[in-house]
Amino acid sequence: MDILNVGVILAAGHGERSGFEQPKQMMKLAGRPLVEHTLRVFQDSPDIHEILVVTNAQCLSRIEDMVAGQRLSKVKGVLKGGKARHESSLSAIAAYSDRTHDRRVRLIFHDAVRPLVDARIIRDVVKALDHYNAVDVVVPTTDTIVSADPMTNTIESIPDRSRLRNGQTPQGFALETIREAYERARHDPYFRTTDDCGVVLKYLPDEKVYLVEGAHNNMKLTYAEDLHVLDKLLQLRSRKTLAQADTKLLAELKHKVVMVVGGTSGIGEEMARLAQAYQAKVVVVSRRNGVNVGEMASLRQAMATAAAEHGRIDFIVNCAAILSKQPLLNMAYDEVLEAIQVNYVGAVNVAIAGFEHLRKTRGQLLNFTSSSYTYGRAHYSLYSSSKAAVVNLTQALAEEWHPEGVRVNCINPERTNTPMRRKAFGIEPPQTLLDARAVAIQSLLVLLSPSTGQVFDVRLDGQSVPAAETAGSGMAYA
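Below is a summary of the structure that appears in this document. (Residues numbered from 1 in each chain as written. Predicted model: local features only at pLDDT ≥ 70, side-chain atom pairs only at ≥ 80, totals over all residues. Heavy atoms only, no water.)

The next subject is the overall build of the protein. Scanning the protein from N- to C-terminus turns up 13 helices and 19 strands. Along the first, second and third principal axes, the C-alpha set of the protein runs to 80 × 55 × 40 Å. Looking at the protein residue by residue over its 478 residues, the buried ones come to 50%. Sequence-distant contacts in the protein: of pairs separated by 6 or more residues, those separated by 24 or more amount to 75%. For the protein, the accessible surface area stands at approximately 22,900 Å², while carbon and sulfur atoms represent 50% of it. (Helix = DSSP H or I, 4+ residues; strand = E, 2+ residues; numbered from the N terminus. Buried < 20%, exposed > 50% of the residue type's maximum accessible area, 1.4 Å probe, protein only. Contact = heavy atoms within 4.5 Å. Areas by Shrake-Rupley, 256 points an atom, 1.4 Å probe, with all protein chains shown as cover.)

So, in structure tokens, the structure goes:
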């Protein structure tokens, strides 16, 4: 009998107890609602055949629009759940109860507000369901757990921590098993639960619930500050994913139209050369050919010319920057204005001028920040503060432009061996600097990724510099 693995995304919460202004599943992480991140993981998992979303009336139409707009083809339904979690589980069980005559249906329940679940966890749950009818995902408890006497507010006992686990999701079940457990629970007048595995454990005591190892970063959004933690965890995951990306993907640049603003030196120049080696149509603009990022008219004209010549623009990369290493009070006012105009206003101008082109191609705008954005640096205050602004601009535009299908990301390279850096800092030990070509490779991989609203760290310890050859192109960049 065929097996049907159904990812059930539980997204019916309202977030009232946690003080969010909207349901938690609709809060934005890197420009996208949490539920969309979660759906994308299940959509991309080869172990999941169909997806069912259970939500509330407030979110139902928004999630339906999301499913259609983001081409989440595995989603076969968006249903209303109930006020309690178990009511949402029962909605999913009922939806698939008539699908068991010709196949074994297995439901994999997952919290919509755990957006960092990964393919490995899903795979392990599905594999475990080959041998068990109920599967939970857990991580070892790291804190000491105290059992308290509620009457006296004193310690009653301290359980052995080696036997304790923190429960997560997904939780997987054979449909018949979870349906039977809830059927028995229905006759219990004292029934209360927040956990589907707990229902099986209590009402089907002979059914073993197998434990799959989860991950500490598979965390649940509970409080407002958790969003900041999730954002940082997502950034760390993106860095790891980028480091592991196969450079063969660069072949997808073939025939893409890439505009590199500030592409006549440093990282931008390396990106342009490498993209050309992979047969992209590259347009490089900078002050050297009469385009000033601080002047909107010249940017608009350059983009219109590129679009007319090549038919479209798929990617826009903004590498334009200047770094004046001196105390603010030592700078002439004209220098102050120029630094702000190029480093920040220029990024705004590129975004405004480029939006319509990228909307037509559902393309990507790629900005560059600096490792100095996290903490202002003495002697180049305008550079570091403008780079912090560029990060905020990236994250804000990713959210604003997401409905239009335009992605916005930012590269954060460590110290890189470029003409701009050499001019500002002089000669430095080469082993302490990133190679500009390595940064260019990672940046081009980001252009080809589905990510949006993310800051990608490129670190010296993780740089990869493979040979950039394209089959049949007759070109190699060395």
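Anyway, onward from the coordinates.
Each pair of aromatic rings is reported with the distance of its centres and the angle of its planes. Counting across every chain of the model gives 7 aromatic pairs. Relative to Tyr203, the ring of Phe191 lies with its centre 6.0 Å away and its plane at 55°, an arrangement referred to as tilted. You can see Phe191 sitting in the loop between helix H5 (175–185) and helix H6 (196–203) and its partner Tyr203 sitting in helix H6, a full 12 residues away along the chain. Taken individually, Phe191 and Tyr203 each receive the classification buried, so the pair is uniform in this respect. An angle of 50° between the planes, with centres 4.8 Å apart, marks the rings of Phe355 and Trp401 as tilted. On the criterion of sequence distance, the pair formed by Phe355 in helix H10 (residues 333–361) and Trp401 in helix H11 (residues 381–401) is long-range, its members being 46 residues apart. Taken together through their ring pairs, the aromatic side chains of Tyr182, Phe191 and Tyr203 make up a single cluster. Lying across the ring of Phe425, Arg421 places its NZ or CZ 4.0 Å from the centre. (Phe/Tyr/Trp six-rings, centres within 6.5 Å; stacked < 30°, edge-to-face > 60°. Lys NZ or Arg CZ within 6 Å of the ring centre and 35° of its normal.)

A separate point is a nonpolar patch on the surface. On the surface, Val146, Ile155 and Ile158 cluster together into a nonpolar patch covering about 280 Å² of accessible area. Residue position: Ile158 is located in the loop between strand S9 (154–157) and strand S10 (165–174). (Patch = residues over 30% accessible without salt bridge, like charges linked within 9 Å, V, L, I, M, F, W, Y side chains within 5 Å. Salt bridge = Lys/Arg side-chain N within 4 Å of Asp/Glu carboxyl O.)

Let's shift gears to the sheet that holds strand S15 (residues 364–368). The strand order across the open sheet formed by 6 strands is S13-S12-S14-S15-S16-S17, and the pairing between neighbours is parallel. At either margin of the open sheet sits one strand with a lone partner, and together these are strand S13 (281–285) and strand S17 (455–458). Across this sheet, the average inter-strand angle for adjacent strands is 20°, counted without regard to direction. As defined by bridge partners, strand S12 (residues 257–261) adjoins strand S14 (residues 315–318) across 4 bridges and the pair is classed as parallel. Its bridge partner being in S14, Val260 is matched across the sheet by Val317. Together, S12, S13 and S14 form the strand contacts of helix H9 (residues 296–310), whose direction differs from that of S12 by roughly 160°. Of the strands in this sheet, S12, S14 and S15 touch H10, which is tilted by about 175° from S14. (Pairing = 2+ DSSP bridges. Axes fitted to C-alpha atoms, helices over the stretch in contact; angles between N-to-C directions.)

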